[in-house]
Amino acid sequence: MSSGAFAVGAALVAMFLSPTSRVYGYEVTTHEEISEASVLRSSVDGVLADSLSLSAGSRTTIAGQPLLAWLRQGATREDSLLRLLNHFHNPLAAAWSQAGLLGSVGQSAILWGQNTNQGFPGWSWQDVRLLYFDALTRPSKADREVRLGRTFEGLGRQIHLIQDAASPAHSRNDPHLLFNYESFIDQVRAEEPGIFGAWLAGSPDVPGSPDAGWRTLDANPLAPIAVAHLIDSDRYLGSNPGISTTPLIGLAEYTNANFFSEDRIFTENDIDPQARFPYPRRSSVTEQDFDVRVKNATVKRRYVVKIGDGATGYRLATVGFLRDYHQRFSLDWTRFREAPALDDVVYRDYAERLLPRAVAYSSSLLDYFFRGRMIGFGDDLSMGFRNSGSE
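Residues numbered from 1 in each chain as written. Predicted model: local features only at pLDDT ≥ 70, side-chain atom pairs only at ≥ 80, totals over all residues. Heavy atoms only, no water.

Caption draft 1: Summary view of helix H14 (residues 344-369). Under the 1.5 Å per step criterion, the end-to-end length of H14 is 36 Å for 26 residues, consistent within 8% with the ideal 38 Å. The largest bend in H14 amounts to roughly 35° and is located at Ala351. Among the 26 residues that make up H14, 22 are buried, leaving the element largely enclosed by the rest of the structure. One side-chain oxygen of the residue at the start of H14 lies 3.2 Å from the amide nitrogen of Val345, identifying that residue as Asp343. (Helix = DSSP H or I, 4+ residues; strand = E, 2+ residues; numbered from the N terminus. Expected span 1.5 Å × (residues − 1). Bend = angle between axes of the 7 residues up to and from the residue. Buried < 20%, exposed > 50% of the residue type's maximum accessible area, 1.4 Å probe, protein only. Polar contact = N/O pair within 3.5 Å; in protein donor to acceptor, adjacent residues only side chain to side chain.)

Caption draft 2: Examining the sheet that holds strand S5 (residues 315-318) more closely. Within the open sheet, the 3 strands sit side by side as S3-S4-S5. Their pairing is antiparallel. Either end of the sheet is taken by a strand with one partner, and the two such strands are strand S3 (285-294) and S5. For this sheet, the mean angle separating the axes of adjacent strands, direction not counted, is 45°. One ladder, built from 10 bridges, connects S3 with strand S4 (residues 297-306); its direction is antiparallel. Its bridge partner being in S4, Val285 is matched across the sheet by Lys306. (Pairing = 2+ DSSP bridges. Axes fitted to C-alpha atoms, helices over the stretch in contact; angles between N-to-C directions.)

Caption draft 3: A look at the packing of aromatic side chains. Inspection of every chain in the model, using the stated rule, returns 16 aromatic pairs. A ring pair is formed by Phe152 and Phe370, whose centres lie 5.9 Å apart and whose planes are at 35°; its orientation type is tilted. With a gap of 218 residues between them, Phe152 in helix H7 (residues 141-164) and Phe370 in the loop between H14 and strand S6 (374-378) connect regions that are remote in the sequence. Residue classification places Phe370 among the buried positions, given a relative accessible area of 2%. Here the aromatic cluster, defined as three or more aromatic residues joined through ring pairs, consists of Trp125, Tyr132, Phe152, Trp214, Tyr368, Phe369 and Phe370. It is Arg282 that lies over the ring of Phe266; its NZ or CZ is 3.9 Å from the centre. (Phe/Tyr/Trp six-rings, centres within 6.5 Å; stacked < 30°, edge-to-face > 60°. Lys NZ or Arg CZ within 6 Å of the ring centre and 35° of its normal.)

Caption draft 4: Molecular detail of the nonpolar core. Counting residues in hydrophobic clusters, the biggest one holds 84 residues, and the most contacted among them are Phe152 and Tyr350. Counting residues per element, this core draws most heavily on H14, at 15 residues. Tyr350 has contacts with Pro168, Tyr181, Phe259, Phe260, Tyr314, Arg315, Leu316 and Leu342, leaving out every residue within four places of it along the chain. (Core = buried A, V, L, I, M, F, W, Y, C linked by side-chain atoms within 4.5 Å. Contact = heavy atoms within 4.5 Å.)

Caption draft 5: Quick peek at the confidence of the model for the protein. Confidence along the protein averages 88 in pLDDT terms, with 85% of residues attaining 70 or more. This stretch, residues 1-24, has a pLDDT under 50; its non-local contacts, to residues over four places away or in other chains, come to 38 contacts. (pLDDT = per-residue confidence, 0-100.)

Caption draft 6: Molecular detail of the side chain of Asp349. Of note, Asp349 is situated in helix H14. Once residues within four sequence positions are removed from consideration, Asp349 is found in contact with Tyr314 and Arg315.

Right, here's the structure in full:
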């Protein structure tokens, strides 16, 4: 690690340890809700009922709590300690080994998800598959149930990584330490559950996303298991933003190419290579006035609206607040800037597009995990299972 990256890493650790600061992706309760929506949209309940005779599916109580609670628990715990520093992926890095936060602060989320050396207990994809195998084969019922519960905890951790790829800061090398998109989403979850629920129930803006072809893309030797392509298909190169709105695209690629994070706004010409992202750029937008509510007043605010280079038709940022807005309405300086900024209206437009993808891509990972179909065979003395699928 370079001295500069070490300094940044130390600062992030210090901020994380402070009770007033966060470097999370979506807030933990938001992750739980996205994860639950993903399970209910996936094939998990059907597999549990048909293959394991768990008629209540993910609501079956195993080892003291429903499987769905185990999964929500995993989605929460993945943000514990320093694991969260491994939740970033820059799809435009020269190699996945350099795609973590700021290049070398933590691992890329893709590598982290397949890293079998995470420590004990390990929660890599391979570890979770082994837990599931043990849940099916251990001779003791108690042991099998514990391992099935931990399987679902591990799946919660795995889809947490997918969901973070739908957070712009996590695909654009942005530590985002102050009020940000994720903070706002959690606020809506708590205060406007109907709106939040509608976002989770929505469909991706590109029908059929993600395309099942991600399963057969060429493997990257650094993270050879196919689920890596749900985050990065290695198809968006920085010069072809149009490909980001095709169904066969990684979630981090879509997010990176089409959205800003708090400290990565129009950075196509930034001198820092870790902050330089070619899209969205000035030529991707037009300016338009909108009536918006600020406290108890309606004011006109000018926004840049995305009209090209990938996804279109939404407010991408404010043109910039004037100083008298700050003074007149006593706005929180950590949430509103005089330079182009992301306000609550922008965040809502983002959420309408990013949260449905977070659910859809998480569901795809769950479907892939449970893609095998088990058929029992044997008699009263001994029995076994075979996979009736194509693998």
